[in-house]
Each structure stands twice: as C-alpha cells, then as structure tokens.
Amino acid sequence: MDAPQKIADLGMLTGQLMRAIQEELFEKLAEQGHPAVRPRHGSVLALLGPDGARATDISARSGQHKQIVGTIVDELVGLGYVTRQPDPDDRRAKRVVPTELGLDEITKARAILAAIEHRHAQALGIRSFAAFKTKLQEITKNQLDWRRAGSADASAA
C-alpha cells in the first residue's frame, strides 16, 4: 500500500509554480523571437512601461539590490532590449527605457502570461481562480510585511 502523498509546503509549491511558469514563458518567448531573454531579465522587463523607470524604482519594486538590477540592466542594454536615458525629471538620474525589441518582448511576455492564467482559470473555474489569486496576493503581502516588520524591529533595537 502506498504511503499517503504529503502536500508540499508553501515555499515548495510557490517555487515549483514559479519555475514551471518561467519554463513555459521563456520557451515560448524563444519561439517568438526572444531566445536570449532569461528569467533574471524578466525581473526588470516586467516592471517597465513605454516610458521606462529609474533603476532605483525597479530595485524597490522588485525587491532586488540596486547592484543586481544594474547588472541585469547592463545585460539588457547589451542585448538591445533597453537603453539608459536621462530622466526628464532629474537630469542626474537615468531611466531604463525599453527599445522597440524590448517593447516587443514585454508585449509578448504579457500575452503569454495572460494565456497561462486563462488556461488555469478555465481549469479551476473563473471564480475559484480569482479567489486563489486574491488569497495568494494576501499571503505574499503578509510575507513581505513580515520582512518589513522585522527590519523595523531590528532598527528600533
């Protein structure tokens, strides 16, 4: 008799989900003309609109250190997906702005991710999937709040 299947913990489940989504996303992006883009690049490209963003803002929104974001931006510049341009609001600052190639990748990535979500919504039911996403967002916020509360507690000591 087989032992009962143990349900993986939240970290394992979310990690497996993220890897599976990234695998599908980047395989399809490669098929659609973006073979050089890797998951690490998505942490920057996913946060860019047509007008771009400051690297410090990307760092804050992604939760990654400025040096890591800078390295990723350097790679994306080299691949032709973004440029660095003066920030019109602060000439001392630079904005990371997607090129035409970058905008194409961003558009395709968002369409692929929407199709993945649609597939899951159809499998689970639209209401169930919407409820799942809402709860996952709450869990994510609570987890991020834990880090912020821990940092605040540490600085108060």
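Residues numbered from 1 in each chain as written. Predicted model: local features only at pLDDT ≥ 70, side-chain atom pairs only at ≥ 80, totals over all residues. Heavy atoms only, no water.

Draft legend 1. A look at the confidence of the model for the protein chain. Overall, the predicted model of the protein chain reaches an average pLDDT of 92, with 93% of residues at or above 70. Confidence, expressed as mean pLDDT per element, reaches its minimum in the protein chain at helix α6 (residues 126-156) with 84 and its maximum at helix α5 (residues 100-124) with 98. (pLDDT = per-residue confidence, 0-100. Helix = DSSP H or I, 4+ residues; strand = E, 2+ residues; numbered from the N terminus.)

Draft legend 2. Expanded view of helix α4 (residues 66-79). Taking 1.5 Å of rise per residue, the 14 residues of α4 would be expected to cover 20 Å, and the 20 Å separating its terminal C-alpha atoms lies within 8% of that figure. For α4, the complete set of buried residues consists of V69, G70, I72, V73 and L76. Along the long axis of α4, the arc covered by the buried residues comes to 165°, so they all point the same way. Opposite the buried face of α4, by more than 90 degrees, sit the exposed residues Q67 and G78. Residues of α4 that are buried in the fold lie against α2 (39-45), α3 (55-62), β2 (82-87) and β3 (90-98). At the exit of α4 stands G80, carrying a positive phi of roughly 85°. (Expected span 1.5 Å × (residues − 1). Buried < 20%, exposed > 50% of the residue type's maximum accessible area, 1.4 Å probe, protein only. Arc of directions from axis to C-beta. Contact = heavy atoms within 4.5 Å.)

Draft legend 3. Spotlight on the layout of surface pockets. Put simply, the largest pocket is a space of about 1900 Å³. If you trace the largest pocket, you find 39 residues lining it, with M18, I21, Q22, L113 and L136 closest to the centre. Sorting elements by how many residues they give to the lining of the largest pocket places α6 first, with 11 residues. Roughly 150 Å³ of volume is contained in the second largest pocket. (1 Å grid on protein atoms, 1.4 Å probe; cavity = no way out; pocket = protein on both sides within 12 Å on 5 of 7 lines; lining within 4 Å. Points joined across faces, edges and corners; volume = space filled by probe spheres on them.)

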